[in-house]
Amino acid sequence: MSKKLRMAIIGCGSIALHAHASNYEKIDNIEIVALCDLKPERTALFKEKYQCCKNAFETTDYMDIAKRDDVDAVDICTPNYLHSIIAIEMLNAGKHVLTEKPDAMTVAEVKAMKEAADKNGKILMAMRNNRYTPAAIYARKSIANGEYGEFYAGRCGWVRRRGVPGDGSWFSDKSKSGGGPLIDLGVHMIDLAMFLMGNPKPVSVSGSTFRRLTESKPEFIFDVEELAMGFIKFDNGACLQIDFSWAANIPNESIFVELRGEKAGIKIENDVLTVHGEKNGQEYNEHVKARGEYGHCTAIRHFADVVLNGTEPIFTPDQGIQMIAILNALYESAATGREVLL
Ligand SMILES: NC(=O)c1ccc[n+]([C@@H]2O[C@H](COP(=O)([O-])OP(=O)(O)OC[C@H]3O[C@@H](n4cnc5c(N)ncnc54)[C@H](O)[C@@H]3O)[C@@H](O)[C@H]2O)c1
C-alpha cells in the first residue's frame, strides 16, 4: 500500500462537506481519490471548494468505487439506511471502511458489517467524533490518572428546543434513519458516557418516546419520535439516564455528559469540562476549556493511523453492535412499556 491512505467519500452531503472534506484538507497521510453522490452537483462542489478533492474521480454509482484499485478505504456519509449496504459491498471489495454514525439501523445490520470486516481482514470503524473533542481527551487523561475514581452513575443527553434535522428529509423517515433523536443524537452521547465510564456492559434498558410538538406535513414522512428519555443499567451496577430531543419545551439546547465519580464528578457540556469535587473540607468546581482539534479531524486521523500503522483502534465493531442493541432495545421498551434485558 502507498504511504498515503487513498480514500473515497461516498455521500457528499452536509456532514461530508462541513466536517469531513474540510478536515481532509488538514490531514497529510490521506489522499481523496474519488467522490460519489447521487447528485453530480454535490461532487462538483467538493472539487470546487476543497484542494484535497481537486483530482478526485467522480461518480454517481458507489459500485464504481468498489471496482477501483486506487481506493484503499471509503468514508460513508450517506443516509443511515445505506451504511450497512455500502459498507458490506466495500469490505467485500477489499476496502477499509469508516462510516458515519449511527453505524447502522439494526443489530442484524451491524453484525453483518462486522462479519464482512472479519471475513475480508479489513478495518471497520464508525464515526465517534465526540470521543475526540478536546474536553473528552482531557477527561480521558484524567480518568487514566485515577483523578475521579470509579464512575458509578451518570446522565447524558443532547436536547434541542427546536431542531429537526433536514426539515422534511430522510432524517424523519424511520425506514431511512432508523429513528429520531434517540438514534441520531443518542449514539453520540451514550457512546461518550459509556466510553468515559470504561465501557461497562449494558444489561437492561427502559425508555419512553414522545411526539407532541412536531407537525406532520403531507409532503414528507415523519414517523419517528421527537423526544426520547430512558435509563440504562450496567453489569457493574452503574446506571445512566438519557435525554434526547429534536423538539421539547426546554430553556435551550444542551449537549452533555455528567458522570458521578467516587473522588470527583465531571460534566462535559457544550465542550466545556467541569470537575466537581471536595478538597480540604470544601467543595470546588474546576472549569477546563480544553483546546485542540475538531473531533471529526482527530477521529479521521485515528482511522488512518489504524489502517496505515496498525495502531490499536479506540473504537471496535463490537462496541458498535452494543450501541445499536441499546438503541433498538430503548425503542422496544418505549413500544412495549416494559424494561428490556440485553
Ligand atoms: N458525526 C456527526 O456529527 C454527524 C452530523 C450530521 C450527520 N451525520 C451522519 O452523516 C450521514 C449523512 O448526514 P448528512 O446530514 O450529511 O445528510 P445529507 O442528506 O446532507 O447527505 C447525504 C448525501 O448522501 C447522498 N446519497 C444518498 N443516497 C446515495 C447513494 N445511493 N449513493 C451515493 N450518495 C448518496 C445524498 O445525495 C446526499 O448528498 C448520516 O448518517 C448522519 O447521521 C453525522
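Nothing here was measured: the structure is a model prediction, and the numbers come from that model.

Enquirer: Account for the pairing of strand 9 (residues 227–234), with residues named and values stated.
Expert: Regular strands place their side chains on alternate faces of the sheet. Where strand 8 (residues 202–210) meets strand 9, 8 bridges bridge the pair, whose relative direction is antiparallel. Among the inter-strand pairings, valine 205 is bridged to a residue of strand 9, identified as isoleucine 232. The antiparallel hairpin formed by strand 9 and strand 10 (residues 239–245) contains 4 residues in its connecting segment, where glycine 237 sits at a positive phi of about 90°.

Enquirer: Requested: an account of the environment of asparagine 80, with residues and values cited.
Expert: Along the chain, the position of asparagine 80 falls in the loop between strand 4 (73–76) and helix 4 (83–92). Taking the relative accessible area as the measure of exposure, asparagine 80 reaches 4% and is therefore buried. It is 8.2 Å that separates the C-alpha atoms of asparagine 80 and glutamate 100, two residues lying 20 residues apart in sequence. When residues no more than four places from it in sequence are discounted, the contact partners of asparagine 80 are Lys101, Pro102, Met105, Trp170, Lys176 and Ser177. A distance of 2.9 Å separates a polar atom in the side chain of asparagine 80 from the backbone oxygen of serine 177.

Enquirer: Describe the sheet that holds strand 2 (residues 30–36), naming the residues involved and giving the relevant values.
Expert: Spatially, 6 strands are ordered 3-2-1-4-5-6 in an open sheet, and the strand pairing comes out parallel. Where the open sheet ends on each side, the last strands, each with one partner, are strand 3 (57–59) and strand 6 (124–126). Averaged over all neighbouring strand pairs, the angle between strand axes comes to 20°, with direction disregarded.

Enquirer: Explain the packing of aromatic side chains to me, using residue names and the numbers behind them.
Expert: Applying the stated criterion to the full structure yields 4 aromatic pairs. Ring geometry for phenylalanine 46 versus tyrosine 50: centroids 6.5 Å apart, planes at 70°, classification edge-to-face. Taken as a pair, phenylalanine 46 and tyrosine 50 share a single burial class, namely buried. Between tryptophan 170 and phenylalanine 171, the aromatic rings sit 3.8 Å apart at their centres with planes inclined by 25°, giving stacked as the arrangement. One Lys or Arg, arginine 68, reaches over the ring of phenylalanine 57 and ends 3.9 Å from the middle of that ring. Over the aromatic face of phenylalanine 256 sits the side chain of lysine 267, whose NZ or CZ is 5.6 Å from the ring centroid.

Enquirer: Pulling in residues and values, what's your account of the sheet that holds strand 11 (residues 254–261)?
Expert: Through backbone hydrogen bonds, the strands of a sheet pair up, either in parallel or in antiparallel fashion. Strand order in this open sheet of 9 strands is 14-13-12-11-7-10-9-8-15, and the pairing throughout is mixed. Of all the strands in the sheet, just strand 14 (282–288) and strand 15 (340–341) have a single pairing partner and so form its edges. Note: strand 9 against strand 10, 7 bridges, orientation antiparallel. For isoleucine 232, the partnering residue across the bridge sits in strand 10 and is leucine 240. Of the strands in this sheet, strand 7 (151–159), strand 12 (264–269), strand 13 (272–279) and strand 14 are in contact with helix 6 (residues 134–144), which crosses strand 12 at around 165°.

Enquirer: Go over the site of the ligand, please, and point to the residues and values.
Expert: Surrounding the ligand, one finds 25 residues, the nearest of these being Ile15, Asp37, Arg42, Asn80 and Lys101. Take glycine 13: an N or O atom from its main chain is 3.5 Å from an oxygen atom of the ligand. In the environment of the ligand, an oxygen atom lies 3.2 Å from a nitrogen or oxygen atom belonging to the backbone of threonine 78. Bound to the protein, the ligand loses 85% of the 850 Å² it would expose on its own. Per-class residue counts for the shell around the ligand are 12 nonpolar, 9 polar and 4 charged.

Enquirer: Could you give an account of the packing of helix 9 (residues 186–196) against helix 11 (residues 317–336), naming the residues involved and the relevant values?
Expert: Contact geometry of helix 9 with helix 11 gives a least axis separation of 11 Å together with a crossing angle of 120°. It follows that helix 9 is oblique to helix 11 by the angle criterion. As for how helix 9 packs across helix 11, the hand of that crossing is right-handed. Contacts from Val187, Ile190, Asp191 and Met194 of helix 9 reach helix 11 at Gln322, Met323, Ile326, Leu327 and Leu330. In terms of residue class, the contact of helix 9 with helix 11 is made up of 7 nonpolar, 1 polar and 1 charged.

Enquirer: Before we move on, can you summarise the environment of aspartate 167 with the specific residues and values?
Expert: Summarising the element assignment, aspartate 167 is placed in the loop between strand 7 and helix 7 (174–177). When the C-alpha atoms of aspartate 167 and glutamine 322 are compared, they prove to be 30 Å apart, with 155 residues separating the residues in sequence. Those residues in contact with aspartate 167 that lie beyond four places of it in its chain are Lys217 and Phe220.

Enquirer: A description of the side chain of glutamate 100 should follow, citing residues and the corresponding values.
Expert: On the secondary structure map, glutamate 100 appears in the loop between strand 5 (96–99) and helix 5 (107–120). One buried charged side chain, glutamate 100, makes no salt bridge at all; its nearest oppositely charged neighbour is lysine 101, positioned 5.7 Å away. Among the polar contacts listed, one links the side chain of glutamate 100 to the side chain of histidine 20, at a separation of 2.7 Å. Contacts of glutamate 100, omitting those with residues within four sequence positions, involve Ile15, His20, Ile76, Cys77, His83, Met127 and His296.

Enquirer: I'd love a proper account of the packing of helix 6 against helix 9, names of residues and values included.
Expert: Following both chains from N to C, one finds helix 6 and helix 9 inclined at 20°, their axes separated by 10 Å at the closest point. Judged by the inter-axis angle, helix 6 sits roughly parallel to helix 9. Residues Ala136, Ala139, Arg140 and Ile143 of helix 6 touch helix 9, and the partners they reach there are Leu192, Phe195 and Leu196. Looking at side-chain class alone, the contact of helix 6 with helix 9 contains 6 nonpolar, no polar and 1 charged residues.

Conventions we followed
- Residues numbered from 1 in each chain as written.
- Predicted model: local features only at pLDDT ≥ 70, side-chain atom pairs only at ≥ 80, totals over all residues.
- Heavy atoms only, no water.
- Pairing = 2+ DSSP bridges.
- Helix = DSSP H or I, 4+ residues; strand = E, 2+ residues; numbered from the N terminus.
- Buried < 20%, exposed > 50% of the residue type's maximum accessible area, 1.4 Å probe, protein only.
- Contact = heavy atoms within 4.5 Å.
- Polar contact = N/O pair within 3.5 Å; in protein donor to acceptor, adjacent residues only side chain to side chain.
- Axes fitted to C-alpha atoms, helices over the stretch in contact; angles between N-to-C directions.
- Phe/Tyr/Trp six-rings, centres within 6.5 Å; stacked < 30°, edge-to-face > 60°.
- Lys NZ or Arg CZ within 6 Å of the ring centre and 35° of its normal.
- Near = heavy atom within 4 Å.
- Areas by Shrake-Rupley, 256 points an atom, 1.4 Å probe, with all protein chains shown as cover.
- Nonpolar A, V, L, I, M, F, W, Y, C, P; charged D, E, K, R; others polar.
- Parallel < 35°, antiparallel > 145°, perpendicular 65-115°, else oblique.
- Left-handed = near helix turned anticlockwise from the far one by under 90°.
- Lys, Arg positive; Asp, Glu negative; His and termini not counted.
- Salt bridge = Lys/Arg side-chain N within 4 Å of Asp/Glu carboxyl O.

Keep in mind these numbers describe shape, not what the thing actually does.
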